[in-house]
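# Reading the structure
Given next are the chains, with one letter for each unit.
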Amino acid sequence: MKIEYYNSSGFRMFILSCIIFSSCILFSCAQSGQLVKKVHTFYTERLPGNIPVFPSLVRRDTIITIYAETTSRHIVWDTAYKGQNVYLIRANLIEQLPVEAGISRLDNQKIIINPAKGSFLWQLNLEAIETGPAESLKLADKDDKLLLKGLYKGKRFMQEAGTAVELIGLPSV
């Protein structure tokens, strides 16, 4: 007695199911990768001068600079949020690579950023802006995270900036 597996309807269903399942896996793998590959966040603290005129009014200025490695140069960076603070993003696409970000205060090592081939590197300088409570309350659950907001191909996106590294700043004048 000879059994023909190739002509049975069960085997055909099995083959059809395997083809459909394989094509789903291939299409999911073919989706484009992340827009933002890596984010390097740095900050420096600066005093306004060596001899304060009014010592009670001395405050430290924190300068936040972020380097974002992306897959596209067609990004419009908008604002950044950290707790109740809102920042305007001044974005520059960097053409001269690699970039020396500064010297780490922790271990006195130079920090050099060199993006992967085919990637774009953005320097994002954050400037604090004053907003009403309505804007800052939207992100109250993410107080400890610095979030970047941008626009790509007409769609808004949010990107977490990660842990900030303190750099050695220029001496006060």
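Everything that follows concerns the structure shown earlier in this document.
Report follows, based on the coordinates.

## Observations regarding the overall build of the chain
Check the secondary structure of the chain and you find two helices and 10 strands. In sequence order, the chain lays out its α and β elements as α-β-β-β-β-β-β-β-α-β-β-β. Across the 173 residues of the chain, 27% fall into the buried class. Intrachain contacts of the chain at a sequence separation of at least 6 include 70% that bridge at least 24 residues. In the form shown here, the chain has an accessible surface area of approximately 12,600 Å², with 57% of it arising from carbon and sulfur atoms.

## A few points about the pattern of salt bridges
Applying the stated criterion across every chain yields a total of seven salt bridges. One salt bridge connects glutamate 95 with arginine 73, and the closest N-O pair in it is separated by 3.2 Å. Of the two residues, glutamate 95 is situated in the loop between strand 4 (85-94) and strand 5 (99-103) and arginine 73 in the loop between strand 2 (61-70) and strand 3 (75-82); the sequence distance between them amounts to 22 residues. According to the relative accessible area criterion, arginine 73 is partly exposed, its value standing at 36%. One salt-bridge network, in which partners are shared between bridges, spans Asp78, Lys149 and Arg156.

## Examining the sheet that holds strand 3
Across the sheet, which stays open at both edges, the eight strands sit in the order 9-8-3-4-7-2-1-10 with mixed pairing between neighbours. Each edge of the open sheet is held by one strand with a lone partner, namely strand 9 (155-160) and strand 10 (164-166). Adjacent strand axes in the sheet meet at a mean angle of 25°, parallel and antiparallel pairs treated alike. Sheet topology places strand 3 next to strand 8 (residues 146-152); seven bridges connect them, and they run antiparallel. Paired with tyrosine 81 across the strands is leucine 147, a residue of strand 8.

## Topic: a nonpolar patch on the surface
A contiguous nonpolar patch, built from Phe14, Ile15 and Ile19 and spanning about 290 Å² of accessible area, is present on the exposed surface. Inspection of the secondary structure puts isoleucine 19 in helix 1 (residues 9-29).

## Things to note about unusual backbone geometry
A cis amide bond links leucine 97 with the next residue in sequence, proline 98, at an omega value of -5°. Position of proline 98 relative to the elements: it lies in the loop between strand 4 and strand 5. Although it is not a glycine, asparagine 108 sits at a positive phi angle of roughly 55°. Along the polypeptide, asparagine 108 turns up in the loop between strand 5 and strand 6 (110-113). One non-glycine residue, lysine 153, lies in positive phi territory at about 55°.

## What about the packing of aromatic side chains?
This model, assessed by the stated rule, comprises three aromatic pairs. Geometrically, the ring pair formed by phenylalanine 42 and tyrosine 67 is edge-to-face, given 6.0 Å between the ring centres and 65° between the ring planes. In this pair, phenylalanine 42 sits in strand 1 (residues 36-46) while tyrosine 67 sits in strand 2, placing the two residues 25 residues apart along the sequence. When the ring of tryptophan 77 is compared with that of tryptophan 122, the centres are 6.3 Å apart and the planes differ by 70°; the resulting orientation is edge-to-face.

How each quantity is defined
Residues numbered from 1 in each chain as written. Predicted model: local features only at pLDDT ≥ 70, side-chain atom pairs only at ≥ 80, totals over all residues. Heavy atoms only, no water. Helix = DSSP H or I, 4+ residues; strand = E, 2+ residues; numbered from the N terminus. Buried < 20%, exposed > 50% of the residue type's maximum accessible area, 1.4 Å probe, protein only. Contact = heavy atoms within 4.5 Å. Areas by Shrake-Rupley, 256 points an atom, 1.4 Å probe, with all protein chains shown as cover. Salt bridge = Lys/Arg side-chain N within 4 Å of Asp/Glu carboxyl O. Pairing = 2+ DSSP bridges. Axes fitted to C-alpha atoms, helices over the stretch in contact; angles between N-to-C directions. Patch = residues over 30% accessible without salt bridge, like charges linked within 9 Å, V, L, I, M, F, W, Y side chains within 5 Å. Phe/Tyr/Trp six-rings, centres within 6.5 Å; stacked < 30°, edge-to-face > 60°.

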